[in-house]
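Spelled out from the first residue to the last, the chains are:
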Protein chains: 2
Amino acid sequence: MNKDLVIVLAPDSFKESMTAKEACEAMERGIKKVNDKITCIHVPMADGGEGTMQSLVDATEGNIYSLMVVGPLGNEVEAQYGILGDNETGIMEMASASGIHLVPAEKRNPLITTTYGTGQLIRACLEHGVKRLLIGIGGSATNDGGAGVVQALGGRLLDCDGKELSYGGGELGKLARIDMTCFDTRLKDVIVEVACDVTNPLCGERGASNVFGPQKGATPEMIKVLDESLKHYACLIKEQLGKDVLEVPGAGAAGGLGAGLMAFVNGSLKKGIEMVIEYSGLEEKVKNADMVWTGEGSIDFQTQYGKTPLGVAMVAKKYNKPVIALAGRVGEDIDVLYEKGIDSIFGIMKGVTPLEEALARGRENIEKTAENIIRLINVI
Amino acid sequence: MNKDLVIVLAPDSFKESMTAKEACEAMERGIKKVNDKITCIHVPMADGGEGTMQSLVDATEGNIYSLMVVGPLGNEVEAQYGILGDNETGIMEMASASGIHLVPAEKRNPLITTTYGTGQLIRACLEHGVKRLLIGIGGSATNDGGAGVVQALGGRLLDCDGKELSYGGGELGKLARIDMTCFDTRLKDVIVEVACDVTNPLCGERGASNVFGPQKGATPEMIKVLDESLKHYACLIKEQLGKDVLEVPGAGAAGGLGAGLMAFVNGSLKKGIEMVIEYSGLEEKVKNADMVWTGEGSIDFQTQYGKTPLGVAMVAKKYNKPVIALAGRVGEDIDVLYEKGIDSIFGIMKGVTPLEEALARGRENIEKTAENIIRLINVI
């Protein structure tokens with residue numbers, strides 16, 4: 001190997017241990033310890049799930065902002081959004097404002113939880129004058145079809161008495177009229193991309209309420225109400241906005257937020273990892289590298305389904321670059337990952353340690369493993 | 001890397017998980033999974049401690065035999081010895097017949113424990129007509145200066161009434177005369193090499209009784225008796241056999257068995273790893289290899305002090321071969337190992353697992369790590 005090696009470092013975060021950026025930094029420290037002539041290009045990655053905003057902001061040297069918004073239960077919560085380094089792209093994860101982790105287990109009730117706060121984050125991005133909005137929609141506490149988002153952006157959802165609906169998926173059955181008069185006009189010029197890896201339709205057996213309702217606290221009775229409410233909602237959307245979202249794959253994501261973003265802000269759904277690959281500029285950086293390193297807290301056979309290490313490997317393989325992956329946990333049946341482009345996978349654990357210690361020592365374990373990989377490369 | 005790669009696999013055992021031979025086999029499985037044109041030369045290693053007999057018998061395709069002998073407390077125990085593949089070299093670990101693990105904690109008492117069984121193992125080797133005896137002496141329960149060995153081989157240790165001494169270090173104070181008339185004459189033609197990494201003299205502050213007595217169950221009062229007894233024993237050896245072992249470094253090993261073997265069977269002490277390197281034929285195999293792999297259950301800064309991975313690395317470095325080490329546990333401050341010849345060290349753990357599972361899965365973890373190392377080498 002020549003001394004002027006260029007390595008792209010494109011890991012996901014190591015959940016509960018470090019961000020993707022911190023993983024890049026740990027890899028580089030290990031690499032540089034052996035050979036400081038190696039150039040390391042950091043491309044902190046994500047797959048559309050948790051950490052996506054952080055990684056893309058880090059990858060583009062953008063900024064993260066905090067904001068008090070309406071939480072899923074109507075109480076105030078502090079949420080975040082980001083503006084990428086191009087200053088034209090806003091990014092957020094709906095879970096930051098409307099996530100299940102914000103609702104204590106005993107209070108989980110998708111009849112009343114709202115995406116209003118997510119709408120406020122969108123509004124905050126519009127204040128920055130963004131031309132694009134990237135929205136991650138995993139981990140929702142809601143089943144409101146994005147109704148809260150619509151309300152936060154100035155849309156009015158009225159019952160047959162002309163009264164504004166309250167928050168929550170349980171209200172949608174009363175919807176009679178959608179009034180878009182005061183809807184934020186800036187959205188007309190904004191491209192909205194939604195990171196979404198599920199293909200569930202809005203309603204029915206595979207729909208939002210039936211599949212994801214239980215984990216949000218819905219009882220079988222609630223699920224029936226929620227499913228019928230979303231169906232009614234989609235029906236009115238079709239009648240009054242001329243958009244048919246009922247059967248679109250992904251409409252059922254995040255309690256129907258997928259459908260809401262498609263219907264009201266012309267959102268297009270995209271695989272999370274593809275969105276991150278595009279906005280991180282990974283491909284351009286891989287083209288000119290000698291080698292690509294990736295990684296994630298856990299790697300196993302599921303990594304093939306839209307996870308970062310495989311997404312990175314597929315880009316690398318377009319240009320025939322070797323791909324090395326590091327993981328805190330290397331699970332079962334990973335041979336398929338070799339076939340799909342990851343050349344070599346190394347666990348970073350140094351021995352039998354309790355989980356807490358493993359998480360606390362993640363950085364040094366990555367560093368040490370990276371060092372030994374370069375040491376090996378050096379003598380081959 | 002060319003396809004006709006020859007790799008010497010020279011790990012120690014992974015204690016409580018697998019023998020060195022099994023570690024070789026696991027490495028080879030992982031290697032061959034990627035490239036079955038690679039030639040793997042197995043050299044199961046050890047460092048003179050536990051597993052040395054097994055590894056050298058495996059490395060030379062010799063045999064292991066079992067025998068009922070007198071245990072440290074005078075009860076019967078099953079012990080083992082080996083004959084190496086050359087059919088001329090006997091090998092044993094004293095702990096097999098006289099080890100501390102054979103004595104329950106509450107019965108530990110070096111005043112009465114004997115090395116008699118070790119002498120019986122030596123005798124058994126002599127029956128095979130060996131020309132050389134290799135003896136590992138770690139883990140002893142005894143403090144008898146090898147008196148039991150002498151008795152088992154036909155020597156008589158008599159008190160001033162001409163009565164044979166009983167077993168144990170506590171008896172030696174009564175020794176008046178050493179009668180070698182019936183001592184096994186075959187030993188005259190046998191070279192005895194003792195694997196010994198400690199340099200403690202027989203007596204005094206750094207002697208056998210003071211340093212190793214407590215871990216064998218000796219109280220301060222016992223230690224005093226034992227130390228004085230060994231001193232008396234050495235004094236009579238000097239007077240009657242003309243050998244001065246009192247101050248020889250290593251005489252205090254294994255409760256003075258070091259001294260006994262030097263005095264009675266002309267044993268020479270040798271570093272354990274050096275003995276194993278010699279009798280395994282490692283150097284000859286390394287010469288013609290492209291690469292050397294080693295490993296051990298645990299690798300840390302102490303590995304530099306006579307442990308297998310470093311011993312193997314030092315042989316490999318004489319011939320400028322790359323050295324890769326695998327370990328279940330990679331401990332702290334290992335940078336010194338790089339300086340001394342190990343090029344790269346990989347942990348084999350796949351994640352957070354309880355010790356029991358880690359030990360049970362040792363083979364598959366080695367196999368997987370070996371596979372990924374070769375996969376990496378393949379794309380570099």
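Quick caveat, the model's predicted, so the values are computed rather than measured.

**A look at empty space enclosed by the protein**
Consideration 1: As enumerated under the stated definition, the model contains four cavities of 30 Å³ or more in all.
Consideration 2: Taken as a whole, the largest cavity encloses approximately 210 Å³ of empty space.
Consideration 3: Along the wall of the largest cavity there are 22 residues; nearest its centre are Phe346, Gly347 and Ile348 of chain A together with Gly347 and Ile348 of chain B.
Consideration 4: The element contributing the most residues to the lining of the largest cavity is helix H14 (residues 362-379) of chain A, with four residues.
Consideration 5: Of the residues contributing to the lining of the largest cavity, the split by class is eleven nonpolar, seven polar and four charged.

**A word on the sheet that holds strand E12 (residues 323-330) of chain A**
Consideration 1: Across the sheet, which stays open at both edges, the five strands sit in the order E2-E1-E11-E12-E13 (chain A) with parallel pairing between neighbours. Two strands bound the open sheet, and with one partner strand each, they are strand E2 (39-42) and strand E13 (344-347) of chain A. Along the sheet, successive strands turn relative to each other by an average axial angle of 25 degrees, direction set aside.
Consideration 2: Taken together, the four bridges between E12 of chain A and E13 of chain A define a ladder with parallel strand orientation. Bridging from a neighbouring strand, Ala327 of chain A pairs with Gly347 of chain A of E13 of chain A.
Consideration 3: Relative to E12 of chain A, H14 of chain A is tilted by about 145 degrees, and along the sheet it contacts strand E1 (6-9), strand E11 (291-299), E12 and E13 of chain A.
Consideration 4: Packed on one face of the sheet, helix H14 (residues 362-379) of chain B meets E11, E12 and E13 of chain A and runs near 135 degrees to E13 of chain A.

**Looking at the domain arrangement of chain A**
All names here are of chain A.
Consideration 1: What the domain assignment lists for chain A is domain 1 (6-43 + 282-379) and domain 2 (52-272).
Consideration 2: At the interface, five residues of domain 1 touch five residues of domain 2.
Consideration 3: Buried surface at the junction of domain 1 and domain 2, summed over both partners, amounts to about 350 Å²; 54% is from carbon and sulfur atoms.
Consideration 4: Where domain 1 packs against domain 2, one counts zero salt bridges.
Consideration 5: Here domain 1 and domain 2 share zero residue pairs in polar contact (both at pLDDT 80 or more) between them.
Consideration 6: Residues belonging to the side of domain 1 that touches domain 2 are distributed by class as follows: one nonpolar, two polar and two charged.

**Description of unusual backbone geometry**
Residues and elements named next belong to chain A.
Consideration 1: Even without being a glycine, Glu16 presents a positive backbone phi close to 70 degrees.
Consideration 2: With respect to the secondary-structure elements, Glu16 resides in the loop between E1 and helix H1 (20-34).
Consideration 3: You can call Glu16 exposed: its relative accessible area is 71%.
Consideration 4: The phi dihedral of Glu61 falls on the positive side, at around 55 degrees, and the residue is not glycine.
Consideration 5: Note on placement: Glu61 falls in the loop between helix H2 (52-60) and strand E3 (63-70).

**Here we look at the confidence of the model for chain A**
Consideration 1: The share of residues in chain A with pLDDT of 70 or more is 99%, and the mean pLDDT across the chain is 97.
Consideration 2: Note on the complex model: pTM 0.91, ipTM 0.89.

**So, H1 of chain A**
All names here are of chain A.
Consideration 1: Taking 1.5 Å per residue as the helical rise, H1 with its 15 residues ought to reach 21 Å, and the 22 Å between its terminal C-alpha atoms agrees with that figure.
Consideration 2: Those residues of H1 that fall on the buried side of the exposure criterion are Ala20, Ala23, Cys24, Ala26, Met27, Glu28, Gly30 and Ile31.
Consideration 3: For H1, the elements touching its buried residues are E1, E2, H2, E11, E12 and H14.

**Re the packing of helix H2 (residues 52-60) of chain B against helix H9 (residues 272-280) of chain B**
Residue and element names in this part refer to chain B.
Consideration 1: One way to put it is that H2 packs onto H9 with a least axis distance of 9 Å and a crossing angle of 20 degrees. Taken together, the axes of H2 and H9 lie roughly parallel to each other. Handedness of the H2/H9 crossing: right-handed. On H9, the residues that touch Thr52, Leu56, Ala59 and Thr60 of H2 are Val276, Tyr279 and Ser280.
Consideration 2: Partitioning the contact of H2 with H9 into residue classes produces four nonpolar, three polar and no charged.

**With respect to the sheet that holds strand E9 (residues 191-195) of chain A**
All names here are of chain A.
Consideration 1: An order of E3-E4-E5-E6-E9-E10 is seen for the six strands of this open sheet, with the pairing classed as mixed. Edge positions in the sheet fall to E3 and strand E10 (268-270), since each has one partner strand and no second. Sheet twist, expressed as the mean angle between neighbouring strand axes with direction ignored, is 25 degrees.
Consideration 2: Bridge analysis of E3 against strand E4 (residues 76-83) gives eight bridges, and the strand direction is antiparallel. Bridging from a neighbouring strand, Ile64 pairs with Gly82 of E4.
Consideration 3: Where helix H4 (residues 116-127) meets the sheet, it contacts E3, E4, strand E5 (89-93) and strand E6 (132-136), and its direction lies at approximately 140 degrees from that of E3.

**Here's the deal with the pairing of E5 of chain A**
Residues and elements named next belong to chain A.
Consideration 1: Of all five residues in E5, five are buried, a share of seventy percent or more.
Consideration 2: Going residue by residue along E5, you find Thr89, Ile91 and Glu93 tucked away on one face and Gly90 and Met92 tucked away on the opposite face as well.
Consideration 3: Relative to E5, E4 is paired through three bridges, and the arrangement is antiparallel. What sits directly across from Tyr81, in E5, is Met92.
Consideration 4: Connecting the antiparallel pair E4 and E5 is a turn made up of five residues, with Asn87 showing a positive phi of about 60 degrees.
Consideration 5: With five bridges connecting them, E5 and E6 associate as parallel partners. When the bridges of E6 are listed, Met92 appears paired with Ile135.

**Quick notes on the relation of the copies chain A and chain B**
Consideration 1: Note on the copies: chain A fits chain B at an RMSD of 0.0 Å, the axial shift is 0.0 Å, and the rotation between them is 180 degrees. Such a combination of rotation and displacement between the chain copies is what one expects of a two-fold axis. Closest approach to the rotation axis among the C-alpha atoms of chain A is made by Met349 of chain A, whose C-alpha sits 2.9 Å away.

**Focus: the environment of Ile178 of chain B**
Residue and element names in this part refer to chain B.
Consideration 1: When you line up the elements, Ile178 lands in strand E8 (residues 177-179).
Consideration 2: For the pair Ile178 and Leu202, spaced 24 residues apart in the sequence, the C-alpha separation amounts to 19 Å.
Consideration 3: Filtering out sequence-adjacent residues up to four positions away, Ile178 remains in contact with Arg156, Leu157, Leu236, Ile237, Gln240, Leu241 and Phe264.

**Details of the environment of Arg363 of chain B**
Residue and element names in this part refer to chain B.
Consideration 1: With respect to the helices and strands, the residue Arg363 is situated in helix H14.
Consideration 2: Among residues more than four places away in sequence, those in contact with Arg363 are Ser17, Met18, Glu22, Ala26 and Arg29.
Consideration 3: Within the structure, Arg363 has its side chain in polar contact with the backbone oxygen of Ser17 (distance 3.3 Å).
Consideration 4: At 3.1 Å, the side chain of Arg363 forms a polar contact with the side chain of Glu22.

**Let's talk about the packing of aromatic side chains**
Consideration 1: Taken as a whole, this structure holds eight aromatic pairs over all chains when the rule is applied.
Consideration 2: Ring centres of Phe346 of chain A and Phe346 of chain B lie 5.0 Å apart, and the angle between their planes is 20 degrees; on these two criteria the pair is classed as stacked. Here the residue Phe346 of chain A occupies a position in strand E13, and Phe346 of chain B occupies one in strand E13 (residues 344-347), the pair thus bridging two chains. Here Phe346 of chain A and Phe346 of chain B have matching classes, each one buried.
Consideration 3: Pairwise contacts between aromatic rings join Phe183, Tyr233 and Phe264 of chain A into one cluster.
Consideration 4: Over the ring of Tyr338 of chain B we find Arg375 of chain A; its NZ or CZ atom is 3.7 Å from the centre of that ring.

**Considerations on the interface of chain A and chain B**
Consideration 1: Across the boundary between the two partners, chain A contributes 36 residues, which contact 36 residues of chain B.
Consideration 2: Of the roughly 2,900 Å² buried at the junction of chain A and chain B (both faces included), carbon and sulfur atoms supply 60%.
Consideration 3: Our enumeration of links across chain A and chain B arrives at six salt bridges.
Consideration 4: Across the salt bridge formed by Glu332 of chain B and Arg361 of chain A, the nearest N and O atoms sit 3.3 Å from each other.
Consideration 5: Our count for the chain A to chain B interface comes out at 16 residue pairs in polar contact (both at pLDDT 80 or more).
Consideration 6: Of all elements in the fold, only E12, helix H12 (335-339), E13, helix H13 (355-360) and H14 of chain A reach the threshold of two or more residues within the side of chain A that touches chain B.
Consideration 7: Element by element, the count of residues in the side of chain A that touches chain B is highest for H14 of chain A, at eight residues.
Consideration 8: Taken together, the residues that form the side of chain A that touches chain B break down as 20 nonpolar, six polar and ten charged.

What counts, and where the lines are drawn
- Residues numbered from 1 in each chain as written.
- Chains lettered and ligands numbered in written order.
- Predicted model: local features only at pLDDT ≥ 70, side-chain atom pairs only at ≥ 80, totals over all residues.
- Heavy atoms only, no water.
- 1 Å grid on protein atoms, 1.4 Å probe; cavity = no way out; pocket = protein on both sides within 12 Å on 5 of 7 lines; lining within 4 Å.
- Points joined across faces, edges and corners; volume = space filled by probe spheres on them.
- Helix = DSSP H or I, 4+ residues; strand = E, 2+ residues; numbered from the N terminus.
- Nonpolar A, V, L, I, M, F, W, Y, C, P; charged D, E, K, R; others polar.
- Pairing = 2+ DSSP bridges.
- Axes fitted to C-alpha atoms, helices over the stretch in contact; angles between N-to-C directions.
- Contact = heavy atoms within 4.5 Å.
- Domains from an automatic or database assignment.
- Buried area = accessible area lost by both parts, 1.4 Å probe.
- Salt bridge = Lys/Arg side-chain N within 4 Å of Asp/Glu carboxyl O.
- Polar contact = N/O pair within 3.5 Å; in protein donor to acceptor, adjacent residues only side chain to side chain.
- Buried < 20%, exposed > 50% of the residue type's maximum accessible area, 1.4 Å probe, protein only.
- pLDDT = per-residue confidence, 0-100.
- Expected span 1.5 Å × (residues − 1).
- Parallel < 35°, antiparallel > 145°, perpendicular 65-115°, else oblique.
- Left-handed = near helix turned anticlockwise from the far one by under 90°.
- Least-squares fit on C-alpha atoms with pLDDT ≥ 70 in both.
- Phe/Tyr/Trp six-rings, centres within 6.5 Å; stacked < 30°, edge-to-face > 60°.
- Lys NZ or Arg CZ within 6 Å of the ring centre and 35° of its normal.

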